[in-house]
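Each chain, letter by letter, is given below.
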Amino acid sequence: MKKSIILCMLLVCGMYGWCAQRITFTVEGPEETYNQIRIVNETATAEFRCRISRLKADGEPGDVYGVYTIKATGDTDTKTSKVRNGEQFVLDMPKDFPTEVSYAIEYVDLPLFDMVVIHITEKDEFDPLN
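Novice: Break down the packing of aromatic side chains for me, with residues and values.
Specialist: Each aromatic ring pair is described using two quantities: the centre-to-centre distance and the angle formed by the ring planes. This structure, assessed with the given rule, holds four aromatic pairs. Centroid distance Tyr 34 to Tyr 107: 5.5 Å. Interplanar angle 45 degrees. Geometry classified as tilted. On the criterion of sequence distance, the pair formed by Tyr 34 in strand 2 (residues 33–42) and Tyr 107 in strand 7 (residues 101–109) is long-range, its members being 73 residues apart. A ring pair is formed by Tyr 65 and Phe 89, whose centres lie 5.9 Å apart and whose planes are at 80 degrees; its orientation type is edge-to-face.

Take a look at the structure:
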(Lines give C-alpha, C1' and ligand atoms only; values in the text may rest on other atoms or scores of the structure.)
Protein backbone atom coordinates (compact mmCIF):
# COMPACT_ATOMS: atom_id res chain seq x y z
CA MET A 1 0.00 0.00 0.00
CA LYS A 2 2.74 2.45 0.97
CA LYS A 3 4.66 1.70 -2.23
CA SER A 4 1.62 2.43 -4.40
CA ILE A 5 0.98 5.76 -2.60
CA ILE A 6 4.61 6.82 -3.06
CA LEU A 7 4.59 5.77 -6.72
CA CYS A 8 1.34 7.70 -7.27
CA MET A 9 2.82 10.83 -5.63
CA LEU A 10 5.92 10.60 -7.82
CA LEU A 11 3.80 10.28 -10.96
CA VAL A 12 1.65 13.29 -10.04
CA CYS A 13 4.76 15.24 -9.12
CA GLY A 14 6.34 14.48 -12.47
CA MET A 15 3.18 15.28 -14.42
CA TYR A 16 2.78 18.73 -12.94
CA GLY A 17 6.45 19.65 -12.77
CA TRP A 18 6.48 20.01 -8.98
CA CYS A 19 9.81 18.20 -8.80
CA ALA A 20 11.66 21.01 -10.57
CA GLN A 21 14.00 23.11 -8.51
CA ARG A 22 12.11 26.11 -7.25
CA ILE A 23 13.64 29.30 -5.86
CA THR A 24 11.31 31.66 -4.01
CA PHE A 25 12.44 35.22 -3.45
CA THR A 26 11.13 38.61 -2.37
CA VAL A 27 12.25 41.84 -4.04
CA GLU A 28 13.90 43.73 -1.18
CA GLY A 29 16.05 46.36 -2.84
CA PRO A 30 16.32 50.06 -2.01
CA GLU A 31 14.00 51.26 -4.82
CA GLU A 32 10.17 51.32 -4.71
CA THR A 33 9.91 49.76 -8.18
CA TYR A 34 12.15 48.01 -10.71
CA ASN A 35 11.78 47.85 -14.49
CA GLN A 36 13.56 44.57 -15.26
CA ILE A 37 14.53 41.16 -13.94
CA ARG A 38 17.71 39.69 -15.41
CA ILE A 39 19.05 36.15 -14.96
CA VAL A 40 22.78 35.50 -15.15
CA ASN A 41 23.88 31.89 -15.70
CA GLU A 42 26.95 31.17 -13.59
CA THR A 43 26.60 27.40 -13.82
CA ALA A 44 28.43 25.01 -16.15
CA THR A 45 25.10 24.14 -17.79
CA ALA A 46 24.12 25.74 -21.08
CA GLU A 47 20.99 25.63 -23.23
CA PHE A 48 18.12 25.73 -20.77
CA ARG A 49 14.95 27.70 -20.14
CA CYS A 50 13.56 28.79 -16.80
CA ARG A 51 10.50 30.73 -15.70
CA ILE A 52 9.77 33.46 -13.17
CA SER A 53 6.21 33.83 -11.86
CA ARG A 54 4.62 36.10 -9.31
CA LEU A 55 3.47 34.31 -6.17
CA LYS A 56 -0.20 34.44 -5.25
CA ALA A 57 -1.37 34.96 -1.66
CA ASP A 58 -1.67 31.19 -1.17
CA GLY A 59 2.02 30.70 -2.06
CA GLU A 60 1.34 29.10 -5.45
CA PRO A 61 2.76 30.50 -8.71
CA GLY A 62 0.49 33.00 -10.41
CA ASP A 63 1.08 35.18 -13.46
CA VAL A 64 4.22 34.37 -15.42
CA TYR A 65 6.60 37.33 -15.34
CA GLY A 66 8.86 35.87 -18.03
CA VAL A 67 10.38 32.79 -19.61
CA TYR A 68 14.16 33.08 -19.86
CA THR A 69 16.29 31.34 -22.49
CA ILE A 70 19.91 30.77 -21.51
CA LYS A 71 22.30 29.73 -24.28
CA ALA A 72 25.69 29.40 -22.54
CA THR A 73 27.60 29.73 -19.32
CA GLY A 74 27.84 33.45 -18.55
CA ASP A 75 24.80 34.23 -20.70
CA THR A 76 22.05 36.57 -19.51
CA ASP A 77 18.44 37.10 -20.42
CA THR A 78 16.36 40.08 -19.36
CA LYS A 79 12.61 40.70 -19.25
CA THR A 80 11.12 44.16 -18.86
CA SER A 81 8.00 44.69 -16.77
CA LYS A 82 7.35 46.65 -13.58
CA VAL A 83 8.19 44.98 -10.26
CA ARG A 84 7.34 46.45 -6.86
CA ASN A 85 9.54 46.23 -3.80
CA GLY A 86 8.10 43.56 -1.50
CA GLU A 87 6.63 41.44 -4.32
CA GLN A 88 7.29 37.72 -4.10
CA PHE A 89 8.35 35.59 -7.04
CA VAL A 90 9.27 32.01 -7.81
CA LEU A 91 11.99 30.94 -10.24
CA ASP A 92 11.37 27.47 -11.68
CA MET A 93 14.37 25.68 -13.10
CA PRO A 94 13.91 22.88 -15.66
CA LYS A 95 13.03 19.44 -14.27
CA ASP A 96 16.06 17.92 -15.97
CA PHE A 97 18.60 20.52 -14.75
CA PRO A 98 21.71 18.43 -13.94
CA THR A 99 22.85 20.11 -10.71
CA GLU A 100 21.33 21.67 -7.63
CA VAL A 101 21.43 25.47 -7.82
CA SER A 102 21.83 28.39 -5.51
CA TYR A 103 21.30 32.06 -6.18
CA ALA A 104 22.27 35.60 -5.24
CA ILE A 105 20.22 38.72 -5.91
CA GLU A 106 21.72 42.07 -6.86
CA TYR A 107 19.85 45.37 -7.26
CA VAL A 108 21.19 47.68 -9.97
CA ASP A 109 20.28 51.38 -10.12
CA LEU A 110 20.90 52.86 -13.57
CA PRO A 111 19.94 56.33 -14.84
CA LEU A 112 16.95 55.22 -16.94
CA PHE A 113 15.87 52.04 -15.19
CA ASP A 114 16.39 49.83 -12.15
CA MET A 115 17.05 46.12 -12.39
CA VAL A 116 16.81 42.99 -10.22
CA VAL A 117 19.67 40.66 -11.20
CA ILE A 118 19.52 37.00 -10.19
CA HIS A 119 22.83 35.13 -10.35
CA ILE A 120 22.24 31.37 -10.70
CA THR A 121 25.17 29.29 -9.42
CA GLU A 122 25.81 25.64 -8.73
CA LYS A 123 25.18 24.86 -5.10
CA ASP A 124 28.39 24.29 -3.18
CA GLU A 125 27.92 21.75 -0.41
CA PHE A 126 30.69 23.44 1.58
CA ASP A 127 29.19 26.94 1.42
CA PRO A 128 27.56 27.68 4.81
CA LEU A 129 25.29 30.34 3.24
CA ASN A 130 23.55 27.88 0.88
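Novice: How would you explain the nonpolar core if you had to name every residue and give the values?
Specialist: Counting 21 residues, the largest nonpolar core has Ile 37, Ile 52 and Leu 91 as the members making the most contacts within it. For this core, the secondary structure elements donating two or more residues are strand 1 (22–26), strand 2, strand 3 (48–55), strand 4 (61–70), strand 6 (88–92) and strand 8 (114–122). When residues no more than four places from it in sequence are discounted, the contact partners of Ile 52 are Ile 37, Ile 39, Val 64, Tyr 65, Gly 66, Tyr 68, Phe 89, Val 90, Leu 91 and Ile 118.

Novice: Hey, could you go over the side chain of Glu 87 for me, with residue numbers and the actual values?
Specialist: Checked against the element boundaries, Glu 87 lands in the loop between strand 5 (76–84) and strand 6. Glu 87 gets classed as buried once you look at its relative accessible area, which sits at 19%. A distance of 2.7 Å separates a polar atom in the side chain of Glu 87 from a polar atom in the side chain of Arg 54. Each residue touching Glu 87, except ones within four places of it in the same chain, is listed here: Phe 25, Thr 26, Val 27, Arg 54 and Lys 82.

Definitions and cut-offs
- Per-chain numbering applies: the sequence of each chain, read as written, is numbered from 1 onward.
- Residue-level local features of this predicted model are given only where pLDDT is at least 70; pairs of side-chain atoms are given and counted only at 80 or more, and the full residue set underlies all totals for whole chains, interfaces and linings.
- The side-chain values count all of the structure's non-hydrogen atoms but skip hydrogen atoms and water molecules.
- Stacked, tilted and edge-to-face are the three classes applied to pairs of Phe, Tyr and Trp rings, where Trp contributes its six-membered ring and a pair requires centres within 6.5 Å; stacked means planes under 30 degrees apart, edge-to-face means over 60, and tilted covers the rest.
- Here a helix means four or more residues in a row that DSSP labels H or I, a strand means two or more in a row labelled E, and each is numbered from the N terminus.
- Residues enter a nonpolar core if they are buried and are Ala, Val, Leu, Ile, Met, Phe, Trp, Tyr or Cys, with the set joined through side-chain atoms within 4.5 Å.
- Burial status follows relative accessibility: with a 1.4 Å probe on protein chains alone, a residue under 20% of its type maximum counts as buried, one over 50% as exposed, and anything between as partly exposed.
- Note on definitions: a residue-residue contact is assigned when non-hydrogen atoms from the two residues lie within 4.5 Å.
- Any N or O atom pair separated by 3.5 Å or less is treated as a polar contact, with the protein-specific requirement of one donor-capable and one acceptor-capable atom, and with residues adjacent in sequence counted only for side-chain atom pairs.

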